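This is what each chain is made of:
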Amino acid sequence: MRSAGRREPASPRRVSAASPEGTRRLAARLGRLARPGDVIALVGELGAGKTTFVTGLAEGLGVPRETRVQSPTFTLVNVHQGRLPLYHIDLYRIAEATELDELGLHEYLGGAGLCAVEWFDRFPEVAPAGCLEVGFELDGERGRRLTITPHGAVAAQRAREWLDERRRPRQPAEAHRQTKGTTGARRAR
Ligand SMILES: Nc1ncnc2c1ncn2[C@@H]1O[C@H](COP(=O)(O)OP(=O)(O)OP(=O)(O)O)[C@@H](O)[C@H]1O
Ligand SMILES: [Mg+2]
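Since the structure is predicted, the reported quantities are computational estimates derived from the model, not experimental observations.

Participant: Could you give an account of the overall build of the protein chain, naming the residues involved and the relevant values?
Facilitator: Along the backbone of the protein chain there are seven helices and seven strands. The order of α-helices and β-strands along the protein chain, N terminus first, is β-α-β-α-β-β-α-α-β-β-β-α-α-α. Pairs at least 24 residues apart make up 68% of the contacts formed inside the protein chain by residues separated by at least 6 positions.

Participant: Hey, could you go over the sheet that holds strand E5 (residues 114–118) for me, with residue numbers and the actual values?
Facilitator: The strand order E1-E7-E6-E2-E5-E4-E3 describes an open sheet built from seven strands, whose pairing is mixed. Single-partner strands in this sheet number two, and they are strand E1 (13–17) and strand E3 (77–81). Each adjacent strand pair in this sheet contributes to an overall mean axis angle of 20°, direction not counted. Here strand E6 (residues 131–139) pairs with strand E7 (residues 143–151) via nine bridges, running antiparallel.

Participant: Break down the pairing of E7 for me, with residues and values.
Facilitator: Bridge count for E1 against E7 is five bridges, and the pairing is antiparallel. Looking at the pairing, Ala 17 lines up with Arg 144 of E7.

Participant: If you had to explain the site of ligand 1 to someone new, which residues and values would you point to?
Facilitator: Taken together, the neighbourhood of ligand 1 is formed by 18 residues, with Thr 23, Gly 49, Lys 50, Thr 51 and Thr 52 sitting nearest. Of all the elements in the fold, those that place two or more residues in the shell around ligand 1 are helix H1 (20–33), helix H2 (50–61) and E7. Here the residues of the shell around ligand 1 sort into four nonpolar, 10 polar and four charged.

Participant: Run through the packing of H1 against H2, naming residues and quoting values.
Facilitator: H2 packs onto H1 with a crossing angle of 45° between their chain directions and a minimal axis gap of 6 Å. By the criterion of interaxial angle, the relationship of H1 to H2 is oblique. The two elements H1 and H2 cross, and the hand of that crossing is right-handed. In this structure, H1 contributes Pro 20, Thr 23, Arg 24, Arg 25, Leu 26, Ala 27, Ala 28, Arg 29, Leu 30, Gly 31 and Arg 32 to the contact, and H2 contributes Thr 52, Phe 53, Thr 55, Gly 56, Leu 57, Ala 58, Glu 59, Gly 60 and Leu 61. Taken together, the residues that form the contact of H1 with H2 break down as nine nonpolar, six polar and five charged.

Participant: Residues and numbers for the packing of H1 against helix H5 (residues 153–164), please.
Facilitator: Helix packing for two helices is described by the angle between their axes and how far apart those axes are. Between H1 and H5, the least distance of the axes is 10 Å, while the angle of their chain directions is 125°. Here H5 runs oblique to H1, going by the angle between their axes. When you trace H1 past H5, the crossing you get is right-handed. Touching Arg 29, Leu 30 and Leu 33 of H1 are Arg 158, Glu 161 and Trp 162, all from H5. Across the contact of H1 with H5, the residue classes tally to three nonpolar, no polar and three charged.

Participant: Can you explain the confidence of the model for the protein chain? Please cite residues and give values.
Facilitator: Overall, the prediction assigns the protein chain a mean pLDDT of 85, with 79% of residues at 70 or greater. Every residue in residues 178–189 is under pLDDT 50, and counting partners more than four places away or in other chains gives four contacts.

Participant: Summarise H1; cite the residues concerned and give the values.
Facilitator: Between its first and last C-alpha atoms H1 spans 20 Å; for 14 residues at 1.5 Å apiece the expected length is 20 Å, and the two agree. Among the residues of H1, Thr 23, Arg 24, Leu 26, Ala 27, Leu 30 and Gly 31 are the ones counted as buried. In an axial view of H1, the angular spread of the buried residues amounts to 165°, which keeps them on one side of the axis. As for H1, its buried residues are in contact with E1, H2, E7 and H5.

Participant: Help me get a handle on the nonpolar core, residues and values and all.
Facilitator: One finds Ile 40, Leu 57 and Val 117 to be the most contacted residues of the largest nonpolar core, which totals 38 residues. In this view, Ile 40 contacts Cys 115, Ala 116, Val 117, Cys 131, Leu 132 and Val 134; residues no more than four positions away in its chain are not counted.

Definitions and cut-offs
- Residues numbered from 1 in each chain as written.
- Chains lettered and ligands numbered in written order.
- Predicted model: local features only at pLDDT ≥ 70, side-chain atom pairs only at ≥ 80, totals over all residues.
- Helix = DSSP H or I, 4+ residues; strand = E, 2+ residues; numbered from the N terminus.
- Contact = placed C-beta atoms within 7 Å.
- Pairing = 2+ DSSP bridges.
- Axes fitted to C-alpha atoms, helices over the stretch in contact; angles between N-to-C directions.
- Near = placed C-beta within 6 Å.
- Nonpolar A, V, L, I, M, F, W, Y, C, P; charged D, E, K, R; others polar.
- Parallel < 35°, antiparallel > 145°, perpendicular 65-115°, else oblique.
- Left-handed = near helix turned anticlockwise from the far one by under 90°.
- pLDDT = per-residue confidence, 0-100.
- Expected span 1.5 Å × (residues − 1).
- Buried ≥ 20, exposed ≤ 12 C-beta atoms within 10 Å, placed from the backbone.
- Arc of directions from axis to C-beta.
- Core = buried A, V, L, I, M, F, W, Y, C linked by C-beta atoms within 7 Å.

The structure is reproduced here in structure tokens:
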């Protein structure tokens, strides 16, 4: 997806998720880092795992479990309240760009929450200059390959925080907590 033609995207990064739970865990980490105004464009065929990813974002944002994330295919937008509002938008059934105004897409994109937009690639012209694109490809029945492409400096920074943290060696304080076991168990997700 192009970023409104204003900026070249940073190089894509690739990660794998071996199961739906793996996809949710990966997304939950991003949900914990998200800041107001972040936009995530979810791209991939039907059943690729976009909504599953949003469920993980919701977990990471602390959206209560009872307000479960479901595909907004019929409602187009679902708002969930967590540490930040989560605007879960699905453009699959939008036929024309003019309908996006009725949907209030621009208000959500400029809002103070985290926007997660499925099928954003159907309307690349309305994609904001800054967004984090996550593409999904099937890898067997339960595996998915995710391609993460940041558009703009803010998204590039968020991608680094999200993906590079995983490779950082454990800090001594964390290692100590894990040895003691108590807080370590709560961290183990
Ligand atoms: N590694 C995986 N990550 C995500 N989903 C997976 C994975 N493996 C299997 N699945 C299954 O694939 C399906 C993905 O459905 P989901 O609703 O998330 O897709 P979607 O991309 O939102 O589809 P749609 O375009 O119809 O909205 C679910 O049934 C999920 O359990
Ligand atoms: Mg979906």
